[in-house]
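These are the residues of each chain, in order.
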Amino acid sequence: MCTRFVYRGDDSITGFNFDIDPAVWDHRVMVEKDRFYIGILRPDGVRHSYHGVHQNGNAGTLLYVHGNPAGAYQEGEDCMTVADLTEQFIQAKISFDDALRMVRERKIVYAPDVSMQAVLSDRQGRTLLVEPGLGWREDTGRYSLMTNYSVLAPESTRPFLVPGDDRYERADRLLRTYGNQFAVEDAFFILRAVRQEGPWATRVSFVYSSGEHAVYCAEDGDFTRIVKYEFS
């Protein structure tokens, strides 16, 4: 149960709420010289960077979504998992233009064991929404927003709406109130407004400011303690 947005104003700012049950997913905030990411421990023993920011401004996140058969995992040279696409983007192994070419030329599918959709953005605020089996969109306009339901084909995930889950609608209403000026503080205001509680509570919230070339992070829903990580 996550929330991700990209706001394109006088600064390009991305915000992400990572909502997860730690009994299901082992995670840890990881800071390296060229990357900030939430390391997810996978069966291969590696903490993968499926949610994070590279020092070049590439910011990627995966959000759980109820799967559709057309996006089911497949092997083959013409297929690529959305997890691999996202991690390679965060690692700066591919650029935004590379990601665009890949979604045009290859079939993007779910990972073998989980169905996810992705938001990829670069330092200029260019944003790519990727929904395996449903398609992709290079987003324009003032902002982009995604939660755990389809944006490209809302009717496909409407049957799976959780009663009372209006994170998308609340975040959308808030984002609409801003003009060209949008700061890190505004991003955290929105993340706090849509934070989750309970077993799938908000465990990590981060904001990346392209203008400041820095990531701000709060853990366990404590927005009174925000740590800043600056890239060299």
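The structure reproduced in this document is the subject of the present report. (Residues numbered from 1 in each chain as written. Predicted model: local features only at pLDDT ≥ 70, side-chain atom pairs only at ≥ 80, totals over all residues. Heavy atoms only, no water.)

Across a sheet, paired strands are connected by hydrogen bonds in the backbone, their directions being either parallel or antiparallel. Strand order in this open sheet of seven strands is S3-S4-S5-S6-S9-S10-S11, and the pairing throughout is antiparallel. Two strands lie at the open edges of the sheet, namely strand S3 (27–31) and strand S11 (135–139), each paired on one side alone. Across this sheet, the average inter-strand angle for adjacent strands is 25°, counted without regard to direction. As paired strands, S3 and strand S4 (residues 35–41) are joined by five bridges and run antiparallel to one another. The residue bridging His27 from the neighbouring strand is Ile40, located in S4. (Pairing = 2+ DSSP bridges. Helix = DSSP H or I, 4+ residues; strand = E, 2+ residues; numbered from the N terminus. Axes fitted to C-alpha atoms, helices over the stretch in contact; angles between N-to-C directions.)

The subject of this paragraph is the packing of aromatic side chains. Within this structure, the stated rule accounts for 11 aromatic pairs. An angle of 75° between the planes, with centres 6.4 Å apart, marks the rings of Tyr7 and Tyr178 as edge-to-face. Of this pair, Tyr7 sits in strand S1 (residues 3–8) while Tyr178 sits in the loop between helix H4 (167–175) and helix H5 (184–193); the two residues are 171 residues apart in sequence, bridging distant segments of the chain. Taken together, a centroid distance of 6.2 Å and an interplanar angle of 45° make the contact between Phe16 and Phe18 tilted. You can call Phe16 buried: its relative accessible area is 0%. Residue Phe18 is classed as buried on the basis of its relative accessible area, which comes to 2%. Through pairs of rings, three or more aromatic residues link up here, namely Phe5, Tyr7, Tyr143, Tyr178 and Phe182. (Phe/Tyr/Trp six-rings, centres within 6.5 Å; stacked < 30°, edge-to-face > 60°. Buried < 20%, exposed > 50% of the residue type's maximum accessible area, 1.4 Å probe, protein only.)

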